[in-house]
Amino acid sequence: MQMIQQTADLSAYLAADEVIDHHHPAVRETAARLARGAADSYEYARAAFEFVRDVIPHSQDSGDPRVTWRASDVLVQGTGICYAKAHALAALLRAEDIPTALCYQKFDVVHGLVAVRFNGAWHRQDPRGNKPGVDAQFSLDGERLAFAPDPASNEMDYPVLYAAPHPAVLDALKAAPDRPYLWQHLPTAL
């Protein structure tokens, strides 16, 4: 799939905002802790991915009713759905100057992931969290995502690499008082 940057300005994929709040102390502290054990930016990116994938449970899998959307809240509260976990990973990567985009897939609902830029190319990663039947891995040598779209079922990869969360995703997260409500109002398309 040919990925398309929403903006040609690579600095947009390093920016902080209200969602990807990588200047927040919780993000900075987590990033510093992960960076201490990494020899280079690739090792750091893998460690950040594995931290978000394995340490922050997907709230649907864990049964947590809380809805998080801001990266720092995901880290502090220790929960989030795919979009929120992607926001947390993007913040951790951008905190260490690794360009990171938000990207999406369409299944019954829209699924969120990230793309990291290494060696002049974008590489999609899915920090959703593994469970039986889901085995997402950090990889720059071919995608190892949680789910593969089936075009015959009208599923697809969206090619756009966003610098900030898609408004439909952010609106759904912000409007949800709890995860059961959110589950009924997830975006079905972008």
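Our subject in this report is the structure included herewith. Note that the structure is a prediction, hence the values are computed from the model and not measured.

Details of the sheet that holds strand β3 (residues 110-118)
For step 1, the next point in the chain: In space, the four strands of this open sheet follow the order β4-β3-β2-β5, with antiparallel pairing throughout. The strands lining the two open edges of the sheet, one partner per strand, are β4 (121-125) and β5 (156-157).
For step 2, the next point in the chain: Sheet topology places strand β2 (residues 100-106) next to β3; seven bridges connect them, and they run antiparallel. By the bridge assignment for β3, Lys-106 is matched with Val-110.
For step 3, the next point in the chain: Packing of helix α5 (residues 82-95) onto the sheet brings it into contact with β2 and β3, and relative to β3 it is tilted by some 15 degrees.

Quick word on the packing of aromatic side chains
For step 1, the next point in the chain: One pass over the structure, following the stated rule, counts seven aromatic pairs.
For step 2, the next point in the chain: Centroid distance Phe-107 to Phe-147: 5.7 Å. Interplanar angle 70 degrees. Geometry classified as edge-to-face. Pair noted here: Phe-107 is in the loop between β2 and β3 and Phe-147 is in the loop between β4 and β5, with a separation of 40 residues, a long-range link.
For step 3, the next point in the chain: Judged by its relative accessible area of 15%, Phe-107 falls in the buried class.

Cut-offs applied
Residues numbered from 1 in each chain as written. Predicted model: local features only at pLDDT ≥ 70, side-chain atom pairs only at ≥ 80, totals over all residues. Heavy atoms only, no water. Pairing = 2+ DSSP bridges. Helix = DSSP H or I, 4+ residues; strand = E, 2+ residues; numbered from the N terminus. Contact = heavy atoms within 4.5 Å. Axes fitted to C-alpha atoms, helices over the stretch in contact; angles between N-to-C directions. Phe/Tyr/Trp six-rings, centres within 6.5 Å; stacked < 30°, edge-to-face > 60°. Buried < 20%, exposed > 50% of the residue type's maximum accessible area, 1.4 Å probe, protein only.

Interpretation in functional terms is not warranted from these geometric data alone.
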